[in-house]
Every structure is written in structure tokens, then in C-alpha cells.
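Residue-level structural notes
Here are the chains, one letter per residue:
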Amino acid sequence: QVQLVESGGGLVQAGGSLRLSCAASGRTFSSYAMGWFRQAPGKEREFVAGINRSDGGTYYADSVKGRFTISRDNAKNTVYLQMNSLKLDDTAVYYCAARRGPVRVTGTESEYDYWGQGTQVTVSS
């Protein structure tokens, strides 16, 4: 059983930066591949970024490549999403998720086992 808690959301200006954090409970954080998803009003939840369980590999949606960076600190049981050059279209509720077992992350929502409650990110002009 794993609990995930996101933090760091808020209101930022377009072009600004924000860092989201996701703190995980338990003693097996390093055994999970971690992903970030987001959902804007009226839209489906979409994959944003992921980081593998052990080999450090990362994967990003085309819409955020070059602007967002995912990282993890296993000693702190925390995964981060550094968001730079924010755009109005980045406004959404951001969720972190954990995938047990496989090394690699996936962009498929149904393949994740644990989810946080989400944190709101609002980008203003």
C-alpha cells in the first residue's frame, strides 16, 4: 500500500517556473516507476512525464519536451517535476502516479497502481 501526496502547485505567470513534488509513503519507493499526468477542464487526463524505476531513463510528452524535467530522490521518497517556460495550456490538475514491478515508465494511465490527489497549476497571462 502506497500513498502519494502532491504539492507545489499554484498560480504563476506565463513564462515562469514551478516545481511540483510528490511524496510517497512506504519503504519501497525505489521499486516504483513514477509518472506525472495532468487533466485540464473538459479534457482527458494525459501523460506528462515519467522516470524509470532504476535505470534513470525518462520520457516526456511532446508538448512539454525541453521545458519540463522529471527527477527523483529515492532517499526522500520524492519525485519532482520542474516546469519551466510555462504556457497557458499547461493549466491543469497535476497528478503523480506509481507503477510497481516494471523498470520502465508508461504513458498508459491504466498501468499505474497508485495515484495522488492532484495539485492545481494555473498559468496566467
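Okay, so let's go over this structure. Quick caveat, the model's predicted, so the values are computed rather than measured. (Residues numbered from 1 in each chain as written. Predicted model: local features only at pLDDT ≥ 70, side-chain atom pairs only at ≥ 80, totals over all residues. Heavy atoms only, no water.)

Points about the nonpolar core
Note that soluble globular proteins tend to have their nonpolar side chains buried in a common cluster. Applicable threshold: To qualify as a nonpolar core, a set must consist of buried Ala, Val, Leu, Ile, Met, Phe, Trp, Tyr and Cys residues joined through side-chain atoms within 4.5 Å. Remark: exposure states derive from per-residue accessible area (1.4 Å probe, protein chains only) relative to the maximum for the residue type, with buried under 20%, exposed over 50%, and partly exposed in between. Should any heavy atoms of two residues lie within 4.5 Å, those residues are counted as being in contact.
Core analysis: the biggest nonpolar cluster contains 31 residues, and Leu 4, Met 34, Trp 36, Leu 81, Met 83 and Tyr 94 have the highest contact counts within it. In this view, Leu 4 contacts Cys 22, Ala 23, Ala 24, Met 34, Cys 96, Ala 97, Ala 98, Tyr 114, Trp 115, Gly 116 and Gln 117; residues no more than four positions away in its chain are not counted. Membership of the second largest hydrophobic core comes to 6 residues, among which are Ala 33, Phe 37, Ala 97 and Val 105.

Notes on the side chain of Arg 72
Basically, it comes down to this: Numbering of helices and strands starts at the N terminus; helices are DSSP runs of H or I of at least 4 residues and strands are runs of E of at least 2. Just so you know, the count uses Lys and Arg for positive and Asp and Glu for negative, and it drops His and the chain ends. One speaks of a salt bridge when a side-chain nitrogen belonging to Lys or Arg is within 4 Å of a carboxyl oxygen belonging to Asp or Glu. Polar contacts, as used here, are pairs of N or O atoms within 3.5 Å; protein pairs need one atom able to donate a hydrogen and one able to accept it. Residues neighboring in sequence count only if both atoms are side-chain atoms.
Mapped onto the secondary structure, Arg 72 falls in strand 7 (residues 68-73). Here Arg 72 occupies a buried position and makes no salt bridge, while the nearest side chain of opposite charge, Asp 55, is found at 8.3 Å. Within the structure, Arg 72 has its side chain in polar contact with the backbone oxygen of Tyr 32 (distance 2.8 Å). Within the structure, Arg 72 has its side chain in polar contact with the backbone oxygen of Asn 52 (distance 3.0 Å).

With respect to the pattern of salt bridges
Counted by the stated rule, this structure contains 7 salt bridges. With a shortest N-O distance of 2.9 Å, Asp 90 and Arg 38 are connected by a salt bridge. Linking Asp 90 in the loop between strand 8 (78-83) and strand 9 (92-100) with Arg 38 in strand 4 (residues 32-39), this pair joins segments that are 52 residues apart in sequence. You can call Asp 90 buried: its relative accessible area is 2%. Between Asp 90 and Arg 67 there is a salt bridge, with the nearest N and O atoms lying 2.8 Å from each other. Residue Asp 90 is located in the loop between strand 8 and strand 9, and its partner Arg 67 is located in the loop between strand 6 (58-60) and strand 7; the two are separated by 23 residues in the primary sequence. Residue classification places Arg 67 among the buried residues on the basis of a relative accessible area of 10%. Through salt bridges that share partners, Arg 38, Glu 46, Arg 67 and Asp 90 make up one connected network.

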